[in-house]
Amino acid sequence: MWPLPAVPLLVNLLGSLGGLVATVTLIPAFKEHFVAARLCGVDLNKASRQPLPESQGVISGAVFLIILFCFIPVPFLSCLVEEQCKAFPHHEFVALIGSLLAICCMIFLGFADDVLNLRWRHKLLLPTMASLPLLMVYFTNFGNTTIVVPKPFRMLLGTHLDLGILYYVYMGMLAVFCTNAINILAGINGLEAGQSLVIAASIITFNLVELNGDYKDDHTFSLYFMIPFFFTTLGLLYHNWYPSRVFVGDTFCYFAGMTFAVVGILGHFSKTMLLFFIPQVLNFLYSLPQLFHIIPCPRHRLPRFNRETGKLEMSYSRFKPKSLSPLGASILKMSEHLRIVDVHQGVDKDGEYMECNNMTLINFVIKLIGPTPERTLTLLLLLIQVAGSIVAFSIRYQLVRLFYDI
C-alpha cells in the first residue's frame, strides 16, 4: 500500500458519502418490493398495525459491498500504474478479498435467517461458518498465535504464551459473539443501527489516533471497512429511527458483527474492539440464564407496549415454579435478592404461575427508570453505548499500564 494512505482514504470517504446517499435513496425505493414478497412485519411497540419492510440491512450491506468492490484497486494503484513497485503486496490483497468474502457470506446467511426464521442454535452456527475464510486469511498471512501475558499472570505463565489452535477458536468465538451480541440487544426503533453506529465511530476514532503509531497499516486497513460501514449504517438509521419506517432485520446484525470481527482480527486489535462492546457484554451476561434456558425464555423478549400510556414497560416470562431446575431457582432467588430481576409470585387465578422480567439490558433500564417512551429509551441506551466507549478509551490508554508494558 502507499506509504501515505491519505489518497486511498479520501477516495474511500468520497465513495462512502455516495453510499450514504444511495442507502437513503434505495431503501424507500425497494419498500414495496419487500412488502410484496411478504418480507414485512408490524411494529409491536406501536398502536398502528401497518406492515413495515424487514431485512433492510441487506440494502445497506449491498451498498457497502459495492463501495468496497469498486475500492479494491485503489490501495494498490501504485503497483498498477507505476514502475516503482518492486513486489505486489499479495498478503494485503488477500486480506482485503478474504475479509469481503467473510462479510458477503454473513450478509447472505443473515438474509437466509430473516427469510427462513432459523432457530437460535443455527444462529450460532452461521457466523462460525462465515468466519472460516477470515480464519484462513489470518493463518496464511500471519499465523501468529502468541500473546503477551498480562503482568499479574507472568509469574505463572511467563511473558509470552503460544495458544496454538486455541487462538483460532478464540477468533471464531469472537465472530459469533459480535454478530449475536448486537442481535440480542434489539427490539426497539433505532437500537441495532444506533449501537452499531456508535461502535463504528469509536473504532474509527481509535484507528485515527493510532495512524501515527507502529501499526499504521493495520489501522488503515480497518478504516477502509469502517468508513463505508459508518455511512451506510447512518443511511439505514435515517429510516429506522423512531418512528421507524423499516426494520433492519437479522441481516444487519450479522453484517455489522462480522464487519467488526474482520477489522478487530485482521487489524490486530481484537481486545480493544471488545472494549467497545461493554454494553453488549453486560447484556449478554445478564441474559445468560435465559439464553441457556436455565430460566424459561420466550422467543421475543422486547418490551411490552402499553396502549393507554403509549410507553414501553418491562416484558415478563411466565412459568410454573416447579418447572425451574434447582440451579434456575437459585439464580432467580439471588437475582431477586440483588434487585436486578423483578419477580412476581402467584400471577394467575390459581396461583400456580410466577413470572420474572425478561433479562435484557432494555428491560433492566425500564426497571430502573419506570415505563418510558420508545424514543427516550433508545436515546438512553445509546448514551449507555457512548459511555461504554468512553470507559473503553480510558481502559485502553490509562488502565492498560497495569497489565502491559507500553
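Residues numbered from 1 in each chain as written. Predicted model: local features only at pLDDT ≥ 70, side-chain atom pairs only at ≥ 80, totals over all residues. Heavy atoms only, no water.

Student: I keep staring at the pattern of salt bridges and nothing clicks. Help me out?
Tutor: Counted according to the given criterion, the structure contains 6 salt bridges. A salt bridge links Glu-374 to Lys-46, with the shortest nitrogen-to-oxygen separation between them at 2.7 Å. On the criterion of sequence distance, the pair formed by Glu-374 in helix α17 (residues 374–397) and Lys-46 in the loop between β1 (40–41) and β2 (52–53) is long-range, its members being 328 residues apart. Overall, the relative accessible area of 4% leaves Glu-374 in the buried class. The exposure class of Lys-46 is buried, given its relative accessible area of 14%. Ionic pairing is found between Glu-313 and Arg-304, a salt bridge with its closest N-O pair at 3.9 Å. The network of salt bridges with common partners includes Asp-43, Lys-46 and Glu-374. (Salt bridge = Lys/Arg side-chain N within 4 Å of Asp/Glu carboxyl O. Helix = DSSP H or I, 4+ residues; strand = E, 2+ residues; numbered from the N terminus. Buried < 20%, exposed > 50% of the residue type's maximum accessible area, 1.4 Å probe, protein only.)

Student: Mind showing me how you'd approach the pairing of strand β9 (residues 354–357) here?
Tutor: Across a regular strand the side chains alternate sides, sitting on one face of the sheet and then on the other. Burial along β9 is two-sided: the residues Met-354 and Cys-356 and Glu-355 and Asn-357 are all buried. Pairing between strand β7 (residues 316–319) and β9: 4 bridges, direction antiparallel. The partner of Arg-318 across the bridge, within β9, is Glu-355. Summarising the sheet, strand β8 (residues 343–345) and β9 pair through 3 bridges and their orientation is antiparallel. (Pairing = 2+ DSSP bridges.)

Student: What's the story with the packing of helix α6 (residues 120–130) against helix α9 (residues 165–184) in this structure? I'm lost.
Tutor: Geometry of a packed helix pair, given as the angle between the helix axes and the separation of the axes. Across the interface, α6 lies against α9 with an axial gap of 8 Å and an inter-helix angle of 135°. Classified by the angle between their axes, α6 and α9 sit oblique to one another. Along this stretch, α6 crosses α9, giving a crossing that reads as right-handed. Residue-level contacts link Trp-120, Lys-123, Leu-124, Pro-127 and Thr-128 of α6 to Ala-175, Val-176, Thr-179, Asn-180, Asn-183 and Ile-184 of α9. (Axes fitted to C-alpha atoms, helices over the stretch in contact; angles between N-to-C directions. Parallel < 35°, antiparallel > 145°, perpendicular 65-115°, else oblique. Left-handed = near helix turned anticlockwise from the far one by under 90°. Contact = heavy atoms within 4.5 Å.)

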